[in-house]
Amino acid sequence: MKNQKVGIMGGTFDPIHYGHLVTAEAARTHFHLDKVIFTPTGTPPHKKGYRVTPAEDRYLMTILAVNDNPFFDVSRMEIERTGYSYTVDTLELFYNEYGQDSKLYFISGADAVFDILTWKDVDRVLSYCTFIAATRPGYPVDKLNQKLSQIKKLYGKEVYPMEVTGLDISSTDIRMRIKEGLSVKYLLPESVEIYINKNGLYR
Ligand code: ATP
Ligand code: MG
């Protein structure tokens, strides 16, 4: 299909939760996207302070989570690449696949945008797609706007802020809760919770 508007939602999704889903849906409706492609990371380039769950489990949980939304898809692009996966490489692949006829949007939370200036090839990252920065509890709007004008000054590229219904949910908190035997009901889709329990993740 030509002239599509395609959103890309990157993340570790370890596990995926309603904060991710509400953000992707807000971007879809606000920017009139034809679809949003969730793209779980392979081996994270920024070493996380914990052992990341195997990509195949994170991929399957993402599939389960988006199953009831006809506009959401999941890509294996990052998990099938070996070695570090940088956002810039992923965006280049998406750009080659869709870019000529379509417009790409990269959807991220405010905290991820705060890291943007430390990313590899930020110039190229910003040339492949339009960046959407969603508000996230704990990352105040004024701080976000300040960062966005800094990006604009440095790279001459507009990053669009987007207000999202604040859900103070993080995968880190969910992993901790499961480890401690606390309830995670209503923080993530039930299908994902069932997968976690069945496979003994995060214990
Ligand atoms: P972790 O605690 O392991 O870092 P996380 O909850 O931050 O997990 P990620 O997979 O790191 O989830 O995030 C993927 C993307 O989703 C990032 O751009 C992040 O900013 C965004 N995001 C995650 N949670 C929320 C939320 N509650 N509201 C808005 N954006 C979110
Ligand atoms: Mg995170």
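Heads up: these notes are all about the structure in this document.

Cut-offs and rules
Residues numbered from 1 in each chain as written. Chains lettered and ligands numbered in written order. Predicted model: local features only at pLDDT ≥ 70, side-chain atom pairs only at ≥ 80, totals over all residues. Heavy atoms only, no water. Helix = DSSP H or I, 4+ residues; strand = E, 2+ residues; numbered from the N terminus. Rg over C-alpha atoms; globule rule 2.2 N^0.38 Å. Areas by Shrake-Rupley, 256 points an atom, 1.4 Å probe, with all protein chains shown as cover. Lys, Arg positive; Asp, Glu negative; His and termini not counted. Charge placed at Lys NZ, Arg CZ, Asp CG, Glu CD. Near = heavy atom within 4 Å. Polar contact = N/O pair within 3.5 Å; in protein donor to acceptor, adjacent residues only side chain to side chain. Phe/Tyr/Trp six-rings, centres within 6.5 Å; stacked < 30°, edge-to-face > 60°. Lys NZ or Arg CZ within 6 Å of the ring centre and 35° of its normal. Pairing = 2+ DSSP bridges. Axes fitted to C-alpha atoms, helices over the stretch in contact; angles between N-to-C directions. Contact = heavy atoms within 4.5 Å. Parallel < 35°, antiparallel > 145°, perpendicular 65-115°, else oblique. Left-handed = near helix turned anticlockwise from the far one by under 90°. Nonpolar A, V, L, I, M, F, W, Y, C, P; charged D, E, K, R; others polar. Buried < 20%, exposed > 50% of the residue type's maximum accessible area, 1.4 Å probe, protein only. Arc of directions from axis to C-beta.

**With respect to the overall build of the protein chain**
For the protein chain, the count of helices and strands is 8 helices and 6 strands. Ordered by position from the N terminus, the helices and strands of the protein chain form the series β-α-β-α-β-α-β-α-α-β-α-β-α-α. Taken over C-alpha atoms, the radius of gyration comes to 16 Å for the protein chain, in line with the 17 Å a tight globule of 203 residues would show. When the backbone C-alpha atoms are referred to their principal axes, the protein chain occupies close to 50 × 40 × 35 Å. Accessible area for the protein chain stands at about 10,600 Å²; split by element, carbon and sulfur atoms hold 50% of it. Taken as two groups, the 25 positive and 25 negative side-chain charges of the protein chain have centres that lie 3 Å from each other.

**With respect to the site of ligand 1**
As a matter of local geometry, ligand 1 sits amid 23 residues, with Gly 109, Asp 111, Leu 167, Ser 171 and Thr 172 nearest to it. The separation between an oxygen atom of ligand 1 and a polar main-chain atom of Phe 13 is 3.1 Å. Between ligand 1 and His 17 there is a distance of 2.9 Å, counted from an oxygen atom to a side-chain nitrogen or oxygen. When isolated, ligand 1 has an accessible area of 600 Å², and the protein chains bury 90% of it.

**Some remarks on the packing of aromatic side chains**
Summed over the entire model, instances satisfying the criterion amount to 7 aromatic pairs. Aromatic ring contacts, followed pair by pair, group Phe 13, Phe 38 and Phe 72 into a single cluster. Above the ring of Tyr 186, the side-chain terminus of Lys 185 is found at 5.5 Å from the ring centroid.

**Examining the sheet that holds strand E5 (residues 130-134)**
Read across the sheet, 6 strands follow the order E3-E2-E1-E4-E5-E6 without closing on themselves; strand pairing throughout is parallel. At either margin of the open sheet sits one strand with a lone partner, and together these are strand E3 (72-74) and strand E6 (159-162). Each strand of the sheet is rotated relative to its neighbour by a mean of 30°, with strand direction disregarded. Packed on one face of the sheet, helix H3 (residues 87-99) meets strand E1 (5-11), strand E2 (35-40) and strand E4 (103-109) and runs near 150° to E4.

**A word on the packing of helix H2 (residues 55-66) against helix H8 (residues 190-199)**
Interaxial distance between H2 and H8 falls to 8 Å at its minimum, and their mutual angle equals 150°. With respect to H8, the element H2 is oriented roughly antiparallel. Seen from above, H2 lies across H8 with right-handed handedness. Across the interface between the two elements, Asp 57, Leu 60, Met 61, Leu 64 and Ala 65 from H2 touch Ser 191, Val 192, Tyr 195 and Ile 196 from H8. Among the residues forming the contact of H2 with H8, the class breakdown is 7 nonpolar, 1 polar and 1 charged.

**Observations regarding unusual backbone geometry**
Here Asp 14 and Pro 15 are connected by a cis peptide whose omega angle stands at 0°. When you line up the elements, Pro 15 lands in the loop between E1 and helix H1 (18-30). Even without being a glycine, His 32 presents a positive backbone phi close to 50°. Its place among the elements puts His 32 in the loop between H1 and E2. Notably, Tyr 186 is not glycine yet its phi reads approximately 75°, a positive angle. Residue placement: Tyr 186 occurs in the loop between helix H7 (171-179) and H8.

**Side note on H8**
The periodicity of an α-helix, 3.6 residues per turn, causes residues three or four places apart in sequence to face the same way. Of all the positions in H8, only Val 192, Tyr 195 and Ile 196 are classed as buried. Seen along its axis, H8 keeps its buried residues to an arc of 100°; they face one direction. Exposed residues on H8 whose side chains face more than 90 degrees from its buried face are Glu 190, Ile 194 and Lys 198. Contact partners of the buried residues in H8: H2 and H7. Positive phi shows up at Gly 200, right after H8, with a value of about 60°.

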